[in-house]
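The chain contents come next:
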Amino acid sequence: MKNVVILATGGTIAGVGEPGKDTGYKSGSLTAKELVDAIPELSSIANIQVKQVCNINSDDITSALWIKLAKRIAELQNNPQVDGIVITHGTDTLEETAFFLALTTAGTKPVILTGAMRPATAAAPDGPANLIFAVKSAVRAATDLASKKQSEGNDVQHHENDCAPILVAFADKLISAESVQKIHPNRLDAFAAMDAETARGNETARGLHFEIDGEETLPKGTLPKVTVLYFNAEADAAQIEFAAKTAQGLVIAGAGAGEFSQSWMEALARIQIPVVITSRINAGRILPEQLLVPGTIAGYSLPAPKAAVLLRLALTKTDNPAKIQEFFAKF
Ligand code: ASP
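Computed from a prediction, not measured in an experiment: that's the story for all the values here. (Residues numbered from 1 in each chain as written. Predicted model: local features only at pLDDT ≥ 70, side-chain atom pairs only at ≥ 80, totals over all residues. Heavy atoms only, no water.)

Along the polypeptide, L42 turns up in the loop between helix 1 (32-37) and strand 2 (47-56). L42 sits in the buried class, given a relative accessible area of 1%. Once residues lying within four places of it in the same chain are set aside, the contact partners of L42 are I6, V36, I48, L131, I132 and V135. (Helix = DSSP H or I, 4+ residues; strand = E, 2+ residues; numbered from the N terminus. Buried < 20%, exposed > 50% of the residue type's maximum accessible area, 1.4 Å probe, protein only. Contact = heavy atoms within 4.5 Å.)

Structure below.
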């Protein structure tokens, strides 16, 4: 049997509330061990080890926790006793954590994220099935990886640039970290892959890799702060000035093809921090030729929350908009 480590971070999958009810529970209540002990079937699929990274509602996730998680994963990638990694996570920010890991994980072992829409105490919780599916997916990916390595011999050089697949396993769907989005606040089948025409898929996205260990770039173990602003009719441009004073970067979720009012254009032209333009539609792409304000950065196919993750990582290397644009152009 394959060895799979489950890293638990909290979320509804570990939520506890009034027995039988789907709402009014507290996320991140069960410990990793309690969560796994309640699903005996897991031990017939893989040798399971559990580790608690944190136990929170995922809306409280921070870049410090992302970095802690990425460091745990790096240790497990280097541990020959481990074949695959499963992460339990709240669904609200799961796509951001998955995307952060896709941009920072080195190594070839599968990393599979999952969660649940109903708490563990619901009448029909979805967490157990999702966790079983995630562990099975990790075992399958680890088995594929082992047979690929065997058939290609011990050509280590050849594998050096291979990257771990970072996937989300949810409601019987496996979706890449690059394209996954939460698309429903209540449905059990809450995640989907972005429009296949607009996302370029795994291969190109994974060409980008950021080191999370660099003491020089991340002295406090956190990422630079980035604010996301959503444009709506008559939205106050003062928010832009405030963001420029309090954050190192700004992401705009513009209307349509990343557009906004005259007053926002003027405010954006005045500020000095890097600004990435995305669309509040969460589909399609924003290209450099569509930008309303010179010097801003096109977000391509990334929705605003993922654009913020990439901008935070990019800012550890440069604040030059032209250089940052090159990172976004990969999507
Ligand atoms: N608020 C919860 C969380 O993200 C929702 C969930 O897990 O489904 O932690």
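Further remarks concern the packing of aromatic side chains. This structure, assessed with the given rule, holds 6 aromatic pairs. Aromatic side chains F210 and F327 sit 5.4 Å apart centroid to centroid with 65° between the ring planes, which places their arrangement in the edge-to-face category. Of this pair, F210 sits in the loop between helix 6 (202-205) and strand 9 (226-230) while F327 sits in helix 10 (residues 321-328), and the two are 117 residues apart along the sequence. Judged by its relative accessible area of 2%, F210 is buried. Overall, the relative accessible area of 16% leaves F327 in the buried class. Taken together, the aromatic side chains of F231, F260 and W264 make up a single cluster linked through ring pairs. Above the ring of F99, the side-chain terminus of K306 is found at 5.6 Å from the ring centroid. (Phe/Tyr/Trp six-rings, centres within 6.5 Å; stacked < 30°, edge-to-face > 60°. Lys NZ or Arg CZ within 6 Å of the ring centre and 35° of its normal.)

This part is about the pairing of strand 6 (residues 173-176). With 4 bridges connecting them, strand 5 (residues 166-170) and strand 6 associate as antiparallel partners. Its bridge partner lying in strand 6, L167 is registered against S176. Hairpin connection, strand 5 to strand 6: the antiparallel pair is bridged by 2 residues, and A171 has positive phi, about 50°. (Pairing = 2+ DSSP bridges.)

Strand order across the open sheet formed by 6 strands is 2-1-3-4-5-6, with mixed pairing between neighbours. A single partner strand is all that each edge strand has here, and the edge strands are strand 2 and strand 6. Going from strand to strand, the sheet's axes swing by 25° on average, the running direction of each strand aside. In this structure, strand 1 (residues 3-10) lies alongside strand 2, joined through 7 bridges in parallel fashion. Bridge assignment links V4 to a residue of strand 2, and that residue is I48. Across the sheet, helix 3 (residues 94-104) touches strand 3 (84-88), strand 4 (111-114) and strand 5, and the angle it forms with strand 4 is around 170°. Contacting strand 1, strand 2, strand 3, strand 4, strand 5 and strand 6, helix 4 (residues 127-151) runs over the sheet at an angle of about 170° to strand 4. (Axes fitted to C-alpha atoms, helices over the stretch in contact; angles between N-to-C directions.)

On to the sheet that holds strand 9, then. Spatially, the 4 strands line up as an open sheet ordered 9-10-11-12, and their pairing is parallel. The sheet terminates laterally at strand 9 and strand 12 (297-298), the two strands that pair on one side only. Looking at chain direction, strand 11 (residues 275-279) and strand 12 are connected through 2 bridges and run parallel. Paired with I277 across the strands is A298, a residue of strand 12. Packing against the sheet, helix 8 (residues 262-270) makes contact with strand 9, strand 10 (249-254) and strand 11, and its axis sits at approximately 160° to strand 10. Together, strand 9, strand 10 and strand 11 form the strand contacts of helix 9 (residues 304-314), whose direction differs from that of strand 10 by roughly 160°.

Here we take up the nonpolar core. Within the largest apolar cluster, 60 residues are counted, with the highest numbers of intra-cluster contacts made by L7, I87, F100, L101, L103, L310 and F328. Of the residues forming this core, the biggest block, 8 residues, is contributed by helix 9. The contact partners of L101, leaving out residues within four places of it in the chain, are L69, A70, I73, I87, V111, L113 and I166. Counting 23 residues, the second-largest nonpolar core is a separate cluster that includes I13, I132, F133 and V135. (Core = buried A, V, L, I, M, F, W, Y, C linked by side-chain atoms within 4.5 Å.)

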